[in-house]
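Structural overview for review
In case you want the letters, here they are:
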Amino acid sequence: MTTSTTPWQNWAGNVIASPSGRCDPTTVAEVTDIVRTAADRGTRVKCVGAGHSFTPAAATDGVLISLDDLTGIESIVPTRAPDGHVDGADVTVWAGTRLHRLGPLLWDLGLAQPNLGDFAEQSLAGAVSTGTHGTGRHAVGLPATVVGLQLVAADGSVLNCSRETNPEVFEAARLGIGAIGIITKMTIHCVPAFALSAEEHPWTLTAALADLEGFAGSADHAEFFWFPHTDAVTVKRHTRLPGDTELQPLGRLRELVGEEFLANEAFGALCRTAARRPSLTPRINRLAARAMSARAYTDRSYRVFASSRRVRFREMEYAVPVAAAAAVVRDLRDMIDRSGIVTPFPVEVRFAAADDVWMSTAHQRDVCYIAVHQFHLMDHTELFRSAEEIFLAADGRPHWGKMHTRTAADLSDTIRHFDDFVAVRDRLDPDRVFANQYTEQVLP
């Protein structure tokens, strides 16, 4: 363990902590030693991946553990559908593996994760533990693809968990927000490698909301970004194709212009202008919307799912019932127009299928994820406060890795297995070795 007074901060820069020590274990045995030593000293422990959560989920004044040296694929077990054909494989992956590295590793094995979010810098364990999802009317989030995991508990014991072995720990830990223990490896169900045909084009919010449920089902993975203060949206529709489909990726020049310049350099400049001159934001958003031209391409799934994100921002995201989603977006639009709040960042609208993960925001219901953002140099307070009121009125559930104000008292009535989760946490970590400011907010 190294001792350091150097502050740690998350990617967005809104969470800063001063851990008493930092560790980079290379084996599970080293993880158990770190946890046992810290517990004996009465010191808290937290594990951090890419620090991409906007909540203080990984912040600690105790020992901060990085699993960046626990990476790669350990094993692969082919799986079969009821009719006997191979339908993919259960792949055991070390927890610190970053998603942008896992995609190519799986592709070379003829496999792919069935769905991904739009940011690939996260570690696998970090993404799963905060409930990362992508979009798709019939696609579940990452935690629902977990079929097994290895966990280091607060007493240093190592638990192997699945639906058959330590099933309650498994149900809690596959979306454990860091409160159950340190995941050292996990087994995820992967599907045969597939390509995605991507279609992106400008549209209008009015048209999208006229039949939002129809839009959600218009492609395997559909989403749109709405630019506040305008009626403009950018639509993304991704259709799954066999893995041996001839690929037609974006040319290098077009990728540099679209992904690097327009989506990052130019957009960042526009955001800085909005921060200096907020009154220009509506005009800036109209300009940004016009810059997003139509394009179509076909590439490996993991390359299409993720985008480069270098412009820093704050984010709040809630999952609301699909049937309520159009009204929620309209209420957001009316609130922003009425209040005078400005934001140069688009509102993101995505979808997910119901799952059975205890702490999932999509537990037992199909949902629409609606995310509001604010540039990191602009005050997010009033925008997020007003948006959260709208989300809660629609029975929304907060994303565990995005900013929100919910507490244990609020959440216990809205999450069916909340008490079951807390019971597992209490049994495995009675002394709160893995607690921090965030777990104290959302758990009793």
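Conventions we followed
Residues numbered from 1 in each chain as written. Predicted model: local features only at pLDDT ≥ 70, side-chain atom pairs only at ≥ 80, totals over all residues. Heavy atoms only, no water. Phe/Tyr/Trp six-rings, centres within 6.5 Å; stacked < 30°, edge-to-face > 60°. Helix = DSSP H or I, 4+ residues; strand = E, 2+ residues; numbered from the N terminus. Buried < 20%, exposed > 50% of the residue type's maximum accessible area, 1.4 Å probe, protein only. Lys NZ or Arg CZ within 6 Å of the ring centre and 35° of its normal. Core = buried A, V, L, I, M, F, W, Y, C linked by side-chain atoms within 4.5 Å. Contact = heavy atoms within 4.5 Å. Pairing = 2+ DSSP bridges. Axes fitted to C-alpha atoms, helices over the stretch in contact; angles between N-to-C directions.

The name an unreviewed UniProt entry assigns to the protein is D-arabinono-1,4-lactone oxidase, from the organism Dietzia cercidiphylli.

1. Re the packing of aromatic side chains
Within this structure, the stated rule accounts for 12 aromatic pairs. Relative to Phe305, the ring of Phe194 lies with its centre 6.3 Å away and its plane at 80°, an arrangement referred to as edge-to-face. Here Phe194, found in strand β12 (residues 194-204), pairs with Phe305, found in helix α9 (residues 301-305); they are 111 residues apart in sequence, far enough to count as distant. The interplanar angle of 75° and the centroid separation of 4.9 Å between the aromatic rings of Phe267 and Phe345 together place this pair among those described as edge-to-face. In this pair, Phe267 is assigned in helix α7 (residues 252-276) and Phe345 in the loop between α10 (322-339) and β17 (347-352), connecting sequence segments 78 residues apart. Across this residue pair, the class does not change: Phe267 and Phe345 are buried. Just above the ring of Trp203 sits the side chain of Arg237; from NZ or CZ to the centre is 5.6 Å.

2. Section: the nonpolar core
One finds Ile180, Ile182, Met186, Trp400 and Phe421 to be the most contacted residues of the largest nonpolar core, which totals 76 residues. With six residues, the single largest contributor to this core is strand β11 (residues 182-192). In this structure, Ile182 is in contact with Val31, Val35, Val45, Cys47, Ile65, Leu67, Gln150, Leu151, Val152 and Phe434, ignoring residues within four places of it in sequence. Residues Ile284, Met316, Ala394 and Met403 belong to the second largest nonpolar core, which totals 55 residues.

3. Some points on the sheet that holds strand β14 (residues 232-242)
With antiparallel pairing, the eight strands of this open sheet are ordered in space as β15-β12-β14-β13-β17-β18-β16-β19. Looking at which strands have only one partner, the edges of the open sheet turn out to be β15 (295-300) and β19 (397-398). Here β12 pairs with β14 via 11 bridges, running antiparallel. Its bridge partner being in β14, Pro202 is matched across the sheet by Thr234. The sheet contacts of α10 involve β13 (221-226), β16 (313-321), β17 and β18 (367-375), and relative to β18 the element is tilted by about 20°.

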